[in-house]
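Single-letter residue listing:
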Number of protein chains: 2
Amino acid sequence: MKLLEQRIQSDAVVLDGDILKVDMFLNHQIDVTLIKELGKELYTSFSAYPITKILTVESSGIPIACAAAELFNVPVVFAKKGQHSNIGSNVFSTQVFSFTKGKSYQINISKDYLLSSDNILIIDDFLANGEAVLGLKRIIDEARANLLGVGIAIEKGFQGGGEKIRKLGVPLLSLAVIESMSDGNIVFRLNNCKE
Amino acid sequence: MKLLEQRIQSDAVVLDGDILKVDMFLNHQIDVTLIKELGKELYTSFSAYPITKILTVESSGIPIACAAAELFNVPVVFAKKGQHSNIGSNVFSTQVFSFTKGKSYQINISKDYLLSSDNILIIDDFLANGEAVLGLKRIIDEARANLLGVGIAIEKGFQGGGEKIRKLGVPLLSLAVIESMSDGNIVFRLNNCKE
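How each quantity is defined
- Residues numbered from 1 in each chain as written.
- Chains lettered and ligands numbered in written order.
- Predicted model: local features only at pLDDT ≥ 70, side-chain atom pairs only at ≥ 80, totals over all residues.
- Heavy atoms only, no water.
- Contact = heavy atoms within 4.5 Å.
- Buried area = accessible area lost by both parts, 1.4 Å probe.
- Salt bridge = Lys/Arg side-chain N within 4 Å of Asp/Glu carboxyl O.
- Polar contact = N/O pair within 3.5 Å; in protein donor to acceptor, adjacent residues only side chain to side chain.
- Helix = DSSP H or I, 4+ residues; strand = E, 2+ residues; numbered from the N terminus.
- Nonpolar A, V, L, I, M, F, W, Y, C, P; charged D, E, K, R; others polar.
- Core = buried A, V, L, I, M, F, W, Y, C linked by side-chain atoms within 4.5 Å.
- Buried < 20%, exposed > 50% of the residue type's maximum accessible area, 1.4 Å probe, protein only.
- Least-squares fit on C-alpha atoms with pLDDT ≥ 70 in both.
- Phe/Tyr/Trp six-rings, centres within 6.5 Å; stacked < 30°, edge-to-face > 60°.
- Lys NZ or Arg CZ within 6 Å of the ring centre and 35° of its normal.

(A) Spatial organisation of the interface of chain A and chain B. Listed as interface residues are 36 residues of chain A and, on the opposing side, 36 residues of chain B. Here chain A meets chain B over a buried area of about 2900 Å², counting both sides, of which 57% is carbon and sulfur. There are two salt bridges connecting chain A and chain B. A salt bridge links Glu70 of chain A to Lys36 of chain B; the shortest N-O distance between them is 2.9 Å. At the boundary of chain A with chain B, the tally comes to 19 residue pairs in polar contact (both at pLDDT 80 or more). Listing elements by their share of the side of chain A that touches chain B, those giving two or more residues are strand 3 (29-30), helix 2 (32-46), helix 3 (62-72), strand 5 (76-81) and strand 7 (103-110) of chain A. In terms of residue count, helix 3 of chain A provides more of the side of chain A that touches chain B than any other element does, five residues in total. Split into classes, the residues belonging to the side of chain A that touches chain B amount to 15 nonpolar, 12 polar and nine charged.

Here it is, written out as structure tokens:
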């Protein structure tokens, strides 16, 4: 998606450790106009799918998930992080390893809001090693719900998460795929489309 | 706001310890259609104020903040929780006590995204003891930005937070104010308006 690629090129900062700092528009300060366009693009790409619910993980995926959900006319459910989340004991839980933080955290979704009849689109802001998406997929599998697709704003194409998900046969669309960002030079994947 | 009061009466569950469970539409599963209406109502109420930025705290305030921000045409900045949030060291931080969890947590906002020229509207899903809003206010004061108002979805009117904020002279609008909810019987405040 050219709009997102252009925004990344103009505003994002590449930090040591393969970190792409986009907190000026995506995950700390939120440019709601841009986010709305990202939601629209994900909706357009997955509109033929009979989605009944959008799943994300708190917090940064929530704005894009809501922007898309409004167009699909379905609810969003966001997985809560931590063992002491205030959603009771009737939950699906799994551990997710964060390479950024070097440790695992638990994500939780109440069983009341994920049903075997649900057709799920996962939406998140970032896809790097794929741990969060694969964690959500484990929960969806446990709930016997159907994962129909994954929509991502920025995929770090050199970190393997996208490849893992595509190999599972899950339709994945990342609106911008970064092929490399060595020496602060961001190169996007060409011919990026849903697979 | 009748729409929200009706939804609370029909769906919310009162749990022990003055907990109002609204995670079926507000803070775990999100009814984006309702959230959009809440954002619209907050926009209408504060549209005369020259708001430049909406502040909230992750995670549950984010959807309403984004819904309102779209109409104000301003960015959202959400405070990140925890000491190890991934936003660098150039941050405003303060401790917020959670009565629900019985302990304090840190909230952080990058100094890059909160300027002395900013006119702030705080938006959050819940107002109980007011700790989160007062924490954001301390950060706004430290940044020498201007707090113009506070917009809340559900205020627990019997827990004192609203009174504290109104006494500070900050315009506060809570779209539903719960006067009491003993024995599971939810009573709303009449003539609820911005003060």
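(B) Quick look at the environment of Leu175 of chain A. Tracing the backbone shows Leu175 of chain A in strand 10 (residues 172-180). Note: C-alpha distance between Leu175 of chain A and Glu155 of chain A (20 residues apart in sequence) is 7.8 Å.

(C) Looking closely at the nonpolar core. Core analysis: the biggest nonpolar cluster contains 135 residues, and Leu4 and Ile54 of chain A together with Leu4 and Ile54 of chain B have the highest contact counts within it. In this structure Leu4 of chain A touches Phe25, Leu34, Leu38, Ala153, Ile154, Leu175 and Ala176 of chain A, once residues within four positions along its chain are discounted.

(D) Molecular detail of the relation of the copies chain A and chain B. Once chain A is rotated about the relating axis by 180 degrees and shifted along it by 0.0 Å, it coincides with chain B to within an RMSD of 0.0 Å. Accordingly, the operation relating the two chain copies is best matched by a two-fold axis. Of every C-alpha in chain A, the one belonging to Ser59 of chain A sits nearest the axis of rotation, 2.7 Å from it. Here 100% of the contact residues of chain A are again contact residues in chain B; the copies associate through an equivalent surface.

(E) Main features of the packing of aromatic side chains. The full count for this structure, using the stated rule, is six aromatic pairs over all chains. Ring centres 4.8 Å apart and planes at 80 degrees place the aromatic pair Tyr43 of chain B and Phe72 of chain B in the edge-to-face group. With a gap of 29 residues between them, Tyr43 of chain B in helix 2 (residues 32-46) and Phe72 of chain B in helix 3 (residues 62-72) connect regions that are remote in the sequence. You can call Tyr43 of chain B partly exposed: its relative accessible area is 28%. If you follow Lys81 of chain A out to its NZ or CZ, it ends over the ring of Tyr105 of chain A, 5.1 Å from the centre.

(F) Inspection of helix 3 of chain B at higher detail. Residue and element names in this part refer to chain B. Burial runs high along helix 3: nine of the 11 residues are buried. For helix 3, the complete set of buried residues consists of Ile62, Pro63, Ile64, Ala65, Cys66, Ala67, Ala68, Ala69 and Phe72. Backbone geometry just after helix 3 places Asn73 at a positive phi near 60 degrees.

(G) The side chain of Asp118 of chain A, seen in detail. All names here are of chain A. Mapped onto the secondary structure, Asp118 falls in the loop between strand 7 and strand 8 (119-127). Take Asp118: its relative accessible area is 6%, and that puts it in the buried class. A polar side-chain atom of Asp118 sits 2.9 Å from a polar atom in the side chain of Thr52. When residues no more than four places from it in sequence are discounted, the contact partners of Asp118 are Thr52, Lys53, Tyr113, Ala145 and Asn146.

All we've got here are geometric facts, nothing functional implied.
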